Amino acid sequence: MNRQEILDKVREEAEGYFDRGEFFCSEAVAQTINNVLGKPYDENIVKMASGFPIGMGKSGCLCGAVSGGQMALGMVYGRVHGEAMKDEMFPIAADLHDFVKEEYGSNCCRIITRQWTGDNFKSPERKRHCVEITGKVAEWVADKLIEDGKIEIEG
């Protein structure tokens with residue numbers, strides 16, 4: 001697959017998980033990136049993302065898609081005990097933060113979704129908005145991984 005085909009597939013997969021109700025935002029991003037990387041981690045890794053939807057356990061704080069994206073970046077750039085921090089980790093994590101802030105004006109779920117305040121996540125328009133953010137974050141992460149040669153493309 002070429003770059004755009006991979007990015008389209010990643011976005012569609014992440015959006016699909018969320019839209020179908022199989023995963024929330026953070027889970028969908030983590031699962032999708034694990035899949036596109038060839039599943040270097042057991043599928044149970046998605047459990048680590050389960051507390052982050054709707055701004056960390058529905059608190060409205062950090063956008064779950066951003067949390068999932070940061071976890072996905074950690075799959076590639078993170079470290080284990082005894083290793084030094086990889087030079088790429090903090091800059092790419094900051095870049096994801098900045099991307100979402102530029103796109104949506106904030107990284108805070110409550111601010112990004114303020115027009116649906118009080119809907120208890122029941123509005124189809126809010127869900128569509130969050131599905132879109134989830135797809136964009138997964139696509140952004142995949143694009144950075146392609147740039148860094150962590151996901152191989154054809155041609």
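Here's what I pulled together on the structure shown here.

Overview of the overall build of the chain
Okay, so step 1: In terms of regular secondary structure, the chain is built from six helices and zero strands.
Okay, so step 2: Along the chain, helices (α) and strands (β) appear in the sequence α-α-α-α-α-α when read from the amino end.
Okay, so step 3: Relative to its length of 155 residues, the chain is compact, with a C-alpha radius of gyration of 15 Å against a globular reference of 15 Å.
Okay, so step 4: Summarising its shape, the C-alpha atoms of the chain cover approximately 45 × 35 × 30 Å along the three principal directions.
Okay, so step 5: Taking all 155 residues of the chain together, the buried fraction comes to 49%.
Okay, so step 6: Total accessible area on the chain is roughly 8,200 Å²; 50% of this is exposed by carbon and sulfur atoms.
Okay, so step 7: For the chain, the centre of its 19 positive side-chain charges and the centre of its 26 negative side-chain charges are spaced 7 Å apart.

Structural notes on the packing of helix H1 (residues 3–19) against helix H2 (residues 25–36)
To characterise two packed helices, one gives the angle between the axes of the helices and the distance between these axes.
Okay, so step 1: Two elements in contact, H1 and H2, have axes separated by 8 Å at closest approach and are oriented at 140°. Crossing angle aside, the handedness with which H1 passes H2 is right-handed. Of the residues in H2, those touching H1 at Ile6, Val10, Glu13, Ala14, Tyr17 and Phe18 are Cys25, Ala28, Gln31, Thr32, Ile33, Asn35 and Val36.
Okay, so step 2: Classifying every residue of the contact of H1 with H2 gives nine nonpolar, three polar and one charged.

Topic: helix H6 (residues 124–147)
Residue pairs spaced three or four apart in an α-helix point in one direction, given the helix's 3.6 residues per turn.
Okay, so step 1: Counted at 1.5 Å a residue, the expected span for H6 with its 24 residues is 34 Å, and the 34 Å between its end C-alpha atoms agrees.
Okay, so step 2: Glycine 149 sits one or two residues past H6 and shows a positive phi near 75°.

Thoughts on the environment of aspartate 95
Okay, so step 1: Among the secondary structure elements, aspartate 95 is positioned in helix H4 (residues 89–104).
Okay, so step 2: Owing to a relative accessible area of 39%, aspartate 95 belongs among the partly exposed residues under this scheme.
Okay, so step 3: It is 25 Å that separates the C-alpha atoms of aspartate 95 and tyrosine 17, two residues lying 78 residues apart in sequence.

Some remarks on a negative patch on the surface
Okay, so step 1: A cluster of acidic side chains, namely Glu5, Asp8, Glu12 and Glu154, defines a negative patch on the protein surface.
Okay, so step 2: Its location among the elements puts glutamate 12 in helix H1.
Okay, so step 3: Overall, the relative accessible area of 57% leaves glutamate 12 in the exposed class.

Some remarks on unusual backbone geometry
Okay, so step 1: Positive phi values are uncommon outside glycine, yet lysine 39 reaches one of about 60°.
Okay, so step 2: Inspection of the secondary structure puts lysine 39 in the loop between H2 and helix H3 (64–77).
Okay, so step 3: Residues other than glycine seldom take positive phi values, yet methionine 56 does so here, at roughly 70°.
Okay, so step 4: Within the secondary structure layout, methionine 56 lies in the loop between H2 and H3.
Okay, so step 5: The exposure class of methionine 56 is partly exposed, given its relative accessible area of 36%.

Here's the deal with the nonpolar core
Okay, so step 1: Among the nonpolar cores identified, the biggest contains 37 residues, and Ile33, Leu73, Leu96, Val100, Val137 and Val141 are the most heavily contacted of them.
Okay, so step 2: At ten residues, the largest contribution of residues to this core is made by H6.

Side note on the packing of H3 against H4
Okay, so step 1: For the pair H3 and H4, interaxial distance at closest approach is 10 Å and the crossing angle is 155°. Of the possible angle classes, the one that applies to H3 and H4 is roughly antiparallel. Between H3 and H4 the crossing geometry is right-handed. For the pair H3 and H4, the contacting residues are Val66, Gly69, Gln70, Leu73, Gly74 and Tyr77 in the first and Met89, Ile92, Ala93, Leu96, His97 and Val100 in the second.
Okay, so step 2: A per-class count over the contact of H3 with H4 returns eight nonpolar, four polar and no charged.

Calculation criteria
Positions within a chain are numbered from 1, following the residues in the order the chain's sequence is written. For this predicted model, a pLDDT threshold of at least 70 governs which residues receive local features, and a threshold of 80 or more governs which side-chain atom pairs are given and counted, while totals over whole chains, interfaces and linings are taken from all residues. The side-chain values count all of the structure's non-hydrogen atoms but skip hydrogen atoms and water molecules. Working definition: helices are DSSP H or I runs of at least four residues, strands are E runs of at least two. Numbering for both runs from the N terminus. Atoms counted for the radius of gyration: C-alpha only. Globule rule: 2.2 Å times residue count to the power 0.38. With a 1.4 Å probe rolled over the protein chains alone, any residue whose accessible area is under 20% of its type maximum counts as buried; one over 50% counts as exposed, and the rest are partly exposed. The Shrake-Rupley method, run with a 1.4 Å probe, gives the accessible areas here. Residue values count only the displayed protein chains as cover. Under the convention used here, Asp and Glu are negative, Lys and Arg are positive, and both His and the chain ends fall outside the count. Every charge is mapped onto a representative atom, which is NZ of Lys, CZ of Arg, CG of Asp or CD of Glu. Between the N-to-C directions of two axes lies an angle of 0 to 180 degrees, each axis being a line fitted to C-alpha atoms and, for a helix, fitted only over the stretch in contact. Crossing handedness: left-handed means the near helix sits turned counterclockwise from the far one by under a right angle, and right-handed means the same turn made clockwise. Any two residues whose heavy atoms approach within 4.5 Å are treated as being in contact. Nonpolar residues are Ala, Val, Leu, Ile, Met, Phe, Trp, Tyr, Cys and Pro. Charged residues are Asp, Glu, Lys and Arg, and all others, Gly as well, are polar. The span you would expect from a helix comes to 1.5 Å times its residue count less one. A residue counts toward a patch only above 30% relative accessible area and without a salt bridge, and it is joined to like-charged neighbours within 9 Å or, for Val, Leu, Ile, Met, Phe, Trp and Tyr, to nonpolar neighbours within 5 Å. In what follows, salt bridge is the name for a side-chain nitrogen of Lys or Arg lying within 4 Å of a carboxyl oxygen of Asp or Glu. Side-chain atoms within 4.5 Å are what join buried Ala, Val, Leu, Ile, Met, Phe, Trp, Tyr and Cys residues into a set we call a nonpolar core. Relative orientations are named as follows: roughly parallel for angles under 35 degrees, roughly antiparallel for angles over 145 degrees, roughly perpendicular for angles from 65 to 115 degrees, and oblique for any other angle.

Treat this as a map of the structure, not an account of what it does.
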